[in-house]
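Listed below, chain by chain, are the residues.
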Amino acid sequence: MTKKNWATTGRSYLQEIPVEQVSSKFSKGLAVSLIKGRYQLYTDKVIYSYEDLYRNFKVTSSKLDWKNFKPENILVLGLGLGSVIQIIEKKNKQPIYFTAVDIDESMMYLTQKYTASKFKSPIEYITADAQSFILQDIRQYDLIIFDIFIDDVVPPELETLSFLRKIKQRMAANGLLLMNRISLEPDQIMANIDYIERVFKKVFPQSTFIDVKPNWVLVSDKGRLKIQ
């Protein structure tokens, strides 16, 4: 890193430093800033990614029983800047293979430019619609992470019972699904309760959720959590 970059990184602990803004077919005002030495990806409505400080999955990962759950093949649906990859790599010492799927070419561009060099694991990057990918893919994964939003909305076609059942088919025996959902406003909380009861628990009866404020992360198997 050059002296100028070190100076910029240092300043980012005092103030947000805008880095780049790109156009996207799917999200308005997709922007990257340097904050506390990390790249944050956001729109005017939501934070998509914040390296290892991405709170939703940082909190969730701290509650998983990594001593007994050692995933080797992980599918990430909704890449952002790859925060979940960095967070999981910190929790696991064994080799991991990631498949990262995102429909947005702008996300792939920004990840390759700002964070991909920080990943230690082999990663297959796939630019594709999550629904099409799940329908065509034949592999199975130990861990699937669903983190898909268009701004602050999950595409309706990805909230159906049939789609969730297709995701389950891609899970290995004793696999785990983590699904990120915004739960900030009362209508979002009510929608999440409805989704859990009407869809999620029908496919994953042993599921629960982690309140990471302002989001909920749905967990397909509560037995994968550490005993509190």
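Rules and cut-offs
- Residues numbered from 1 in each chain as written.
- Predicted model: local features only at pLDDT ≥ 70, side-chain atom pairs only at ≥ 80, totals over all residues.
- Heavy atoms only, no water.
- Helix = DSSP H or I, 4+ residues; strand = E, 2+ residues; numbered from the N terminus.
- Phe/Tyr/Trp six-rings, centres within 6.5 Å; stacked < 30°, edge-to-face > 60°.
- Buried < 20%, exposed > 50% of the residue type's maximum accessible area, 1.4 Å probe, protein only.
- Lys NZ or Arg CZ within 6 Å of the ring centre and 35° of its normal.
- Arc of directions from axis to C-beta.
- Contact = heavy atoms within 4.5 Å.

Novice: Which residues make up unusual backbone geometry, and what values go with them?
Specialist: Along the chain, K213 connects to P214 via a cis peptide bond; the corresponding omega equals 15°. By the secondary structure assignment, P214 is in the loop between β10 (208–211) and β11 (215–219). Even without a glycine there, the phi angle at K213 is positive, about 35°. Topologically, K213 is positioned in the loop between β10 and β11.

Novice: Hey, could you go over the packing of aromatic side chains for me, with residue numbers and the actual values?
Specialist: Applying the stated criterion across every chain yields a total of 6 aromatic pairs. Ring geometry for Y39 and Y114: centres 4.8 Å apart, planes at 50°, overall tilted. In this pair, Y39 sits in strand β3 (residues 38–42) while Y114 sits in helix α4 (residues 105–114), placing the two residues 75 residues apart along the sequence. The same class applies to Y39 as to Y114, namely buried. Both rings, one in W66 and one in F69, keep their centres 5.9 Å apart while their planes meet at 25°; by these two values the pair is stacked. Through successive ring pairs, a cluster of aromatic residues spans Y195, F200 and F204. Over the face of the ring belonging to Y195 we find R181, whose NZ or CZ atom lies 4.2 Å from the ring centre.

Novice: Let's hear about helix α2 (residues 55–63): which residues, and what values?
Specialist: Within the sequence span of α2, burial applies to N56, F57, T60 and S61. Down the axis of α2, the buried side of the element spans an arc of 115°, and every buried residue falls inside it. Along its buried surface, α2 packs onto α3 (83–91), β8 (141–146), β9 (171–182), β10 and β11.

Novice: Go over α3 with me, naming the residues and quoting the values.
Specialist: In terms of residue burial, α3 counts as a mostly covered element, since 7 of its 9 residues are buried. Among the residues of α3, S83, V84, I85, Q86, I87, I88 and E89 are the ones counted as buried. The inward-facing, buried residues of α3 abut β4 (47–49), α2, β5 (73–77), β6 (97–102), β7 (123–127) and β8.

Read these as geometric descriptors, not functional statements.
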